[in-house]
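Each chain, letter by letter, is given below.
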Amino acid sequence: MTKIAVAIDGPAAAGKSTVAKKVAEIKGYTYIDTGAMYRAFTWYCLEKGIDCQDEAACVALITKVNIELKPNHVVICNGKDVSREIREPRVSSQVSYIASYKDIRLALVELQRKMADTDSVIMDGRDIGTYVLPNADVKIFQIASVETRAVRRYEENISKGIQCTLEEIDADVRKRDYIDSHREFAPLKAAPDSVLLDTSYMTVDEVVQNVIDIIDAKIEEKEKRA
Ligand code: DC
């Protein structure tokens, strides 16, 4: 089978992980949720009572943390299953600070690149096409209006039993977009060779089919060249 790397980047709550999970299932690729790694580290800092805006204190903890992504989207941090905790608003509201620290990014990016070394992967995040996997075969930049994204994330949280209000989620999404796209190191931005996919008026299945069509065209091209 042709080895493929797919990068899906875009702003918060654009539906990247929903699409990436489905595409991974259909194509038999390994799905790597890089946001879950930043979230797991944020959860750890909060557990230790560290202020997430204190860069030095957070960076000092990076060597003490072991983050594992397991099948079925289970996230383990130092042996504990934190899959649910990392989606809570207290983590969401702090994770962009953590993700803006260069030393934390360098450590997590190293892990991400290792994961993509052997298998065909679909990786979602903010800097996959621009920094983590600059040679990815397919790069998608997935967007949707901020209002659409806030409603989608609100409904997702409620369905998972995570208490929140739409106003809180809207404010959180806007704040994270701002911090993620204005940080100095590897900010959120579309790679020049990415395909822009506005999902505001598309169903999940339509987006999935679009991404699969782009991947299949790439595979055909790669196989012809081989
Ligand atoms: O995709 P997500 O909402 O779970 O990501 C959580 C935060 O992590 C997001 O606000 C930005 C950051 N992030 C990042 O900076 N780089 C990545 N590759 C993935 C996520």
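Note that this is a predicted model, so its numbers are computed, not measured.

A. The arrangement of the site of the ligand in detail. Near the ligand, the surroundings consist of 16 residues, among which R39, R105, D127, D180 and R183 are the closest. The separation between an oxygen atom of the ligand and a polar side-chain atom of D180 is 2.9 Å. Here the ligand has 450 Å² of accessible area as a free molecule, and 97% of this is covered by the chains. For the shell around the ligand, the secondary-structure elements that each account for two or more residues are helix 2 (34–47), helix 4 (89–98) and helix 8 (166–182). Among the elements that line the shell around the ligand, the one with the most residues is helix 2, at 4 residues.

B. Summary view of the nonpolar core. With 39 residues, the main nonpolar core has F41, I67, C77, I98, I104 and L133 as its most contacted residues. If you list the elements that add at least two residues to this core, you get strand 1 (5–9), helix 2, helix 3 (55–59), strand 4 (74–77), helix 4, helix 5 (102–115), strand 6 (121–125) and helix 6 (128–132). Sorting elements by how many residues they give to this core places helix 2 first, with 8 residues. Setting aside anything within four residues of it in sequence, one finds I98 in contact with Y38, F41, T42, C45, C52, C58 and I104. Y31, V207, I215 and I219 belong to the second-largest nonpolar core, a separate cluster that totals 19 residues.

C. Geometry of helix 1 (residues 16–27). With 12 residues, helix 1 extends 16 Å between its outermost C-alpha atoms, agreeing within 8% with the 16 Å of an ideal straight helix rising 1.5 Å per residue. Looking at the buried residues of helix 1, the elements they touch are strand 1, strand 2 (30–33), strand 6, strand 7 (138–143) and helix 9 (204–225). One or two residues past the end of helix 1 sits G28, with phi positive at roughly 75°.

Scoring rules and cut-offs
- Residues numbered from 1 in each chain as written.
- Predicted model: local features only at pLDDT ≥ 70, side-chain atom pairs only at ≥ 80, totals over all residues.
- Heavy atoms only, no water.
- Near = heavy atom within 4 Å.
- Polar contact = N/O pair within 3.5 Å; in protein donor to acceptor, adjacent residues only side chain to side chain.
- Areas by Shrake-Rupley, 256 points an atom, 1.4 Å probe, with all protein chains shown as cover.
- Helix = DSSP H or I, 4+ residues; strand = E, 2+ residues; numbered from the N terminus.
- Core = buried A, V, L, I, M, F, W, Y, C linked by side-chain atoms within 4.5 Å.
- Buried < 20%, exposed > 50% of the residue type's maximum accessible area, 1.4 Å probe, protein only.
- Contact = heavy atoms within 4.5 Å.
- Expected span 1.5 Å × (residues − 1).

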